[in-house]
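Overview (structure and organization)
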Amino acid sequence: MAAAPGAFSLREVLAAFQACVTEQREVLLGPYLQGWRGLVRFLNGLGAIFSFISKDAVTKIQIMESYCSGERREEYRTLQSMVSYELSRGLVDLQRRSSHPDSGCRTILRLHRALRWLQLFLEGLRTARQDASTSAICTDSYNASLAAYHPWVVRKAAVVAFCALPSRDAFLEVMNVGGPEEAVEMLGDALPHIRDVYGITQELYEQHCLLNLP
Ligand SMILES: CCCCCCCCCCCCC/C=C/[C@@H](O)[C@H](COP(=O)(O)O)NC(=O)CCCCCCCCCCCCCCC
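None of the values given here were measured: they were computed from a predicted structure.

**Quick word on the UniProt feature "domain: Glycolipid transfer protein" (unreviewed entry) in the chain**
Per the UniProt entry, the sites bearing "domain: Glycolipid transfer protein" (unreviewed entry) are residues 29-176 in this numbering. The span residues 29-176 is 66% helical and 0% strand by assignment, and the distance between its end C-alpha atoms comes to 26 Å.

Next comes the structure, spelled out in structure tokens:
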């Protein structure tokens, strides 16, 4: 499964997560969503079997993009400004989805949980043996993160789709960052930034008791 010439590189996609964090340790939503857009593009290139996953991710990215380009775009510049704006205006359903079913806070929470999966998956890919199974790494990362929030039917469909993933070396190749060694090195550079974005978001959501939004 060779990377197509001219295919985009995952290096730039992951760099978006580096660009997210400001000196004040705020998370900029523009690059955050751009990072997710790139990941979805990459996922689409892996085959139609993943389209139920990318569709859900796109729906969530679009919800956020409409806030970020809407009338109140200033309030949606950073994760921190979004949380304080939505909470102070009562725009977040805290108990059950009703008048604000698609708040920015609950939508980002879903992507935030998926970012934990991404972190575990990339760490697994980076440190696994050359002949390791990508689908096993992906299943383990999923079971240790997102699976806890998904109903049985979604968990089943996800694990079936993971079986279609190429071998570790082929996967590193489609990332289009050079040979396997270069890809591993790039992951080592990118992961601290993903961890950082995840950590800042987790702390902010914990402080405001937003980790279980319906
Ligand atoms: C490389 C293989 C990619 C595997 C992706 C692993 C994630 C599996 C997620 C399965 C989600 C299935 C779709 C349904 C989701 C929703 O039910 C559920 C809850 O939403 P709701 O509260 O609005 O109902 N949604 C979610 O949890 C959000 C899921 C977002 C998934 C984004 C995944 C993007 C993956 C990008 C892969 C890029 C790989 C790059 C690696 C080098």
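**Let's talk about the site of the ligand**
The environment of the ligand is formed by 24 residues, the closest being D56, K60, R106, R110 and H150. Within the side chain of D56, a nitrogen or oxygen atom sits 2.8 Å from a nitrogen atom of the ligand. Within the side chain of R110, one N or O atom sits 3.0 Å away from an oxygen atom of the ligand. In isolation the ligand exposes 930 Å². Once the protein is present, 90% of that is buried. Put simply, the parts of the chain that give the shell around the ligand at least two residues each are α2 (29-45), α3 (51-68), α5 (104-127) and α7 (152-162). Among the elements that make up the shell around the ligand, the one with the highest residue count is α5 (6 residues). Residues that form the shell around the ligand fall into these classes: 19 nonpolar, 1 polar and 4 charged.

**Quick look at α7**
Residues that lie three or four places apart on an α-helix share one face, since the helix turns once every 3.6 residues. Within the span of α7, buried status applies to A158, A161 and F162. Relative to the axis of α7, the buried residues are bounded by an arc of 100 degrees and lie together on one face. Turned more than 90 degrees from where α7 packs its buried face, W152, V153 and V160 sit exposed. Residues of α7 that are buried in the fold lie against α3 and α6 (134-143).

**Describing the nonpolar core**
Residues L14, Y32, M82 and M175 are the most contacted members of the largest nonpolar core, which totals 64 residues. Each residue touching Y32, except ones within four places of it in the same chain, is listed here: F17, C20, V27, I108, L111, H112, L115 and V197.

**Things to note about the pattern of salt bridges**
This model, assessed by the stated rule, comprises 9 salt bridges. The residue E26 makes a salt bridge to R77 at a minimum N-O spacing of 4.0 Å. Here E26, found in the loop between α1 (10-19) and α2, pairs with R77, found in the loop between α3 and α4 (79-88); they are 51 residues apart in sequence, far enough to count as distant. Judged by relative accessible area, R77 falls into the partly exposed class, the value being 42%. With a shortest N-O distance of 2.7 Å, R97 and D102 are connected by a salt bridge.

About the cut-offs
- Residues numbered from 1 in each chain as written.
- Predicted model: local features only at pLDDT ≥ 70, side-chain atom pairs only at ≥ 80, totals over all residues.
- Heavy atoms only, no water.
- UniProt positions renumbered as here; feature names shortened; annotations may be inferred.
- Helix = DSSP H or I, 4+ residues; strand = E, 2+ residues; numbered from the N terminus.
- Near = heavy atom within 4 Å.
- Polar contact = N/O pair within 3.5 Å; in protein donor to acceptor, adjacent residues only side chain to side chain.
- Areas by Shrake-Rupley, 256 points an atom, 1.4 Å probe, with all protein chains shown as cover.
- Nonpolar A, V, L, I, M, F, W, Y, C, P; charged D, E, K, R; others polar.
- Buried < 20%, exposed > 50% of the residue type's maximum accessible area, 1.4 Å probe, protein only.
- Arc of directions from axis to C-beta.
- Contact = heavy atoms within 4.5 Å.
- Core = buried A, V, L, I, M, F, W, Y, C linked by side-chain atoms within 4.5 Å.
- Salt bridge = Lys/Arg side-chain N within 4 Å of Asp/Glu carboxyl O.

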